[in-house]
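Coordinates in review
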Amino acid sequence: MVDNALMGVPLITVERSLFVLSATLFIARFLLKPGTMEKPIDIDKAMALYVLVMVVSWVTHLSDKTGTDVKNDIVLLLEAFLMPFSAYMMARNLNWSERVTDRFLWALVFGVGAYLVVVGLMQQWLHWNFFLSIRSVNEHPDRVTGPFTNALEYGTVLMLVLLVAIYLYLRCRRALLRVALLMLMGGMVLGLVLSKGRAVWLSAPLALGLVFWRVPNARKFLVSAAAGLVVLTVLVGPLVTDPSALSRRLDSSEEYYNRMALWGTAGNMIAHAPVFGYGFGADTFLHNKAQYYHSFNGVSAVWAAWPSVPHNELLNNAVMAGVFGLGACLLLWFQVWRTLGRAAAGRFPTPGRELAPFVQAGFLVVIINALFLDMMFLVYVPLLFYFLTGLALRPGPSHGSP
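Rules and cut-offs
Residues numbered from 1 in each chain as written. Predicted model: local features only at pLDDT ≥ 70, side-chain atom pairs only at ≥ 80, totals over all residues. Heavy atoms only, no water. Helix = DSSP H or I, 4+ residues; strand = E, 2+ residues; numbered from the N terminus. Contact = heavy atoms within 4.5 Å. Patch = residues over 30% accessible without salt bridge, like charges linked within 9 Å, V, L, I, M, F, W, Y side chains within 5 Å. Areas by Shrake-Rupley, 256 points an atom, 1.4 Å probe, with all protein chains shown as cover. Salt bridge = Lys/Arg side-chain N within 4 Å of Asp/Glu carboxyl O. 1 Å grid on protein atoms, 1.4 Å probe; cavity = no way out; pocket = protein on both sides within 12 Å on 5 of 7 lines; lining within 4 Å. Points joined across faces, edges and corners; volume = space filled by probe spheres on them. Nonpolar A, V, L, I, M, F, W, Y, C, P; charged D, E, K, R; others polar. Buried < 20%, exposed > 50% of the residue type's maximum accessible area, 1.4 Å probe, protein only. Core = buried A, V, L, I, M, F, W, Y, C linked by side-chain atoms within 4.5 Å. Axes fitted to C-alpha atoms, helices over the stretch in contact; angles between N-to-C directions. Parallel < 35°, antiparallel > 145°, perpendicular 65-115°, else oblique. Left-handed = near helix turned anticlockwise from the far one by under 90°. Expected span 1.5 Å × (residues − 1). Phe/Tyr/Trp six-rings, centres within 6.5 Å; stacked < 30°, edge-to-face > 60°.

Here we look at the environment of Leu210
Within the fold, Leu210 resides in helix α8 (residues 198-214). Linking Leu210 and Phe358, residues 148 residues apart in sequence, is a C-alpha distance of 8.4 Å. Once residues within four sequence positions are removed from consideration, Leu210 is found in contact with Trp337, Gln360 and Ala361.

A look at a nonpolar patch on the surface
Taken together, the side chains of Leu49, Leu52, Val56, Leu331 and Phe334 define a hydrophobic patch exposed on the protein surface, amounting to about 430 Å² of accessible area. Those elements that provide at least two residues to the nonpolar patch are α3 (42-59) and α14 (313-344). Ranked by the residues each element gives to the nonpolar patch, the list is headed by α3, at 3 residues. Structurally, the position occupied by Val56 is in helix α3.

Points about empty space enclosed by the protein
As enumerated under the stated definition, the model contains 2 cavities of 30 Å³ or more in all. Put simply, the largest cavity is a space of about 200 Å³. Contributing to the lining of the largest cavity are 17 residues, with Glu313, Trp333, Met375, Pro382 and Tyr386 lying nearest its centre. Going through the elements one at a time, α4 (67-93), α14, α15 (356-370) and α16 (380-392) are the ones with two or more residues in the lining of the largest cavity. Looking at the lining of the largest cavity residue by residue, the classes come out as 16 nonpolar, no polar and 1 charged. Its volume calculated, the second largest cavity comes out at about 50 Å³. If you trace the second largest cavity, you find it lined by Leu160, Leu163, Val164, Phe358, Val359, Gly362, Phe385 and Leu388.

Remarks on the side chain of Asn268
Residue position: Asn268 is located in helix α12 (residues 254-272). Looking at Asn268, the relative accessible area reads 17%, which means it is buried.

Things to note about the nonpolar core
Core analysis: the largest hydrophobic core is formed by 96 residues, its most contacted members being Tyr50, Phe81, Val109, Met188, Leu332 and Phe385. Here this core gets 16 residues from one element, more than from any other, and that element is helix α6 (residues 151-171). Counting residues in hydrophobic clusters, the runner-up holds 15 residues, among them Ala261, Trp263, Phe285 and Ala304.

Some details on the pattern of salt bridges
Pairs can form between side chains of opposite charge whenever their charged atoms are close. For the structure shown, the criterion picks out 7 salt bridges. A salt bridge links Asp102 to Arg171; the nearest nitrogen and oxygen atoms lie 3.1 Å apart. In this pair, Asp102 is assigned in helix α5 (residues 98-126) and Arg171 in helix α6, connecting sequence segments 69 residues apart. The class of Arg171 is partly exposed, set by a relative accessible area of 30%. In this structure, the salt-bridge partner of Glu255 is Arg198, at a minimum N-O distance of 3.0 Å. Of this pair, Glu255 sits in helix α12 while Arg198 sits in helix α8, and the two are 57 residues apart along the sequence. Classification of Glu255 by relative accessible area gives partly exposed; the value is 22%. Within the structure, one salt-bridge network assembled from shared partners comprises Glu98, Asp102, Arg171, Glu354 and Arg394.

Some remarks on the packing of α15 against α16
Contact pair α15 / α16: the axes reach a minimum separation of 9 Å and the direction vectors enclose 155°. One finds that α15 runs roughly antiparallel with respect to α16. In this structure, the crossing between α15 and α16 has a hand that is left-handed. Counting all contacts with α15, which are made through Ala356, Val359, Gly362, Phe363 and Val366, the residues of α16 involved are Val381, Phe385, Leu388, Thr389 and Ala392.

A few points about unusual backbone geometry
Trans peptide bonds make up the majority, and among non-glycine residues the majority have a negative phi. The residue Asn297 is not glycine, and still its phi comes out positive at about 55°. Inspection of the secondary structure assignment puts Asn297 in the loop between α13 (284-288) and α14. Its identity is not glycine, yet His311 carries a phi of approximately 60°, on the positive side. Turning to its location among the elements, His311 is positioned in the loop between α13 and α14.

Digging into the layout of surface pockets
Of the pockets and cavities examined, the second largest pocket occupies roughly 1200 Å³. Forming the boundary of the second largest pocket are 32 residues, of which Gly186, Val189, Leu190, Leu229 and Thr233 lie nearest the centre. The set of elements that each furnish at least two residues to the lining of the second largest pocket consists of α6, α7 (175-195), α8, α9 (219-235), α10 (237-240) and α11 (243-251). Among the elements that take part in the lining of the second largest pocket, α7 stands out by supplying 9 residues, more than any other. Split into classes, the residues belonging to the lining of the second largest pocket amount to 26 nonpolar, 6 polar and no charged.

Observations concerning α12
Helix length check: α12, at 19 residues, gives a terminal C-alpha distance of 28 Å against a target of 27 Å (1.5 Å per residue), a fit within 8%. Here α12 has its buried residues at Asn258, Arg259, Met260, Ala261, Leu262, Trp263, Gly264, Thr265, Ala266, Asn268, Met269 and Ile270. As for α12, its buried residues are in contact with α13 and α14.

Looking at the packing of aromatic side chains
Under the counting rule described, the total for this entry stands at 20 aromatic pairs. Arranged with centres 6.1 Å apart and planes meeting at 80°, the rings of Phe81 and Phe85 form a pair that is edge-to-face. In this pair, Phe81 and Phe85 are both assigned in helix α4, 4 residues apart and thus about one turn of the helix distant. You can call Phe81 buried: its relative accessible area is 1%. A relative accessible area of 8% means that Phe85 is categorised as buried. Members of the aromatic cluster, joined through ring pairs, are Tyr50, Phe81, Phe85, Phe280, Trp337, Phe363, Phe385 and Tyr386.

Shown next, in the form of structure tokens:
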């Protein structure tokens, strides 16, 4: 709603303004206290390489771009790379006490989580959409998107918050708070169902399975929650949602045709420019795909005409920056997965060891969804995920006051 009030101000949004303020304070802190920055780890280096590859790719193709292209590219570079990576750096390099960390996570769950549930249910049952940004077109008007324009962004963010809620539930010993958490988690699950995001539905049991494997004291709760969910689905499900609408969503084949044609077209583009790609840009795929339409898996290339992105994060990186872009993206994914796994196993020095497996499960959600959409265009998913990653890998307050 605040973004809608700022429509007359070019380039200014709430998240960009908060990012500039946070980054300014972060930089000022280390100018006043030099030497307090943590030594870079493998994730930091992979992030730096990824940004470098994309910036070089962009600069070397600037001559082909219009003024509008340049503006859109800068926005993408800011929102998809600089903002989430800076969020990671802030979370990892600030001195978090255990109390401050817990307070932040509780605020995240009961603030962001509850807000997402409430606006999602208002959208579903009352058809209220005043909280949606008018800067962008709602991509899924027939599904619950919450405050976002994309139902998969809503579902992915909700799933990340749900994993944090489970982490807090296992640590909480106050009965009233536990009951409140259970009710809120039930609302989150309902929001995930109403978002009708099949990639999110696929990722949820896999992520929870990873938690089941990594966190032994979560197993009893997860089994009980699964049993309770089955019972509630049978008893209450038809009262809160239309089963036929969910069935139609499961049977829908349009997205399959889109992706087959888009992946075939993207693969054809990569085959013609495998090393350097077509240049980093928000509209690189859109501007170049017409010459490379290609069918795939028996699906006509006509289905690739409308979408402006290839709906696969790895393919999009390869289209923009060739093997360098693809390699940089995969390297970052590998380092994030590896480091979170080491932290969860106690082989990385951090007080966030207990949080790490839940963040790693969240990364599994992000990766699976990234295989079916272009994650870099969903601002809030990488922003939240990389902040949680920095929090899970934080060094603790031993080297300074929190």
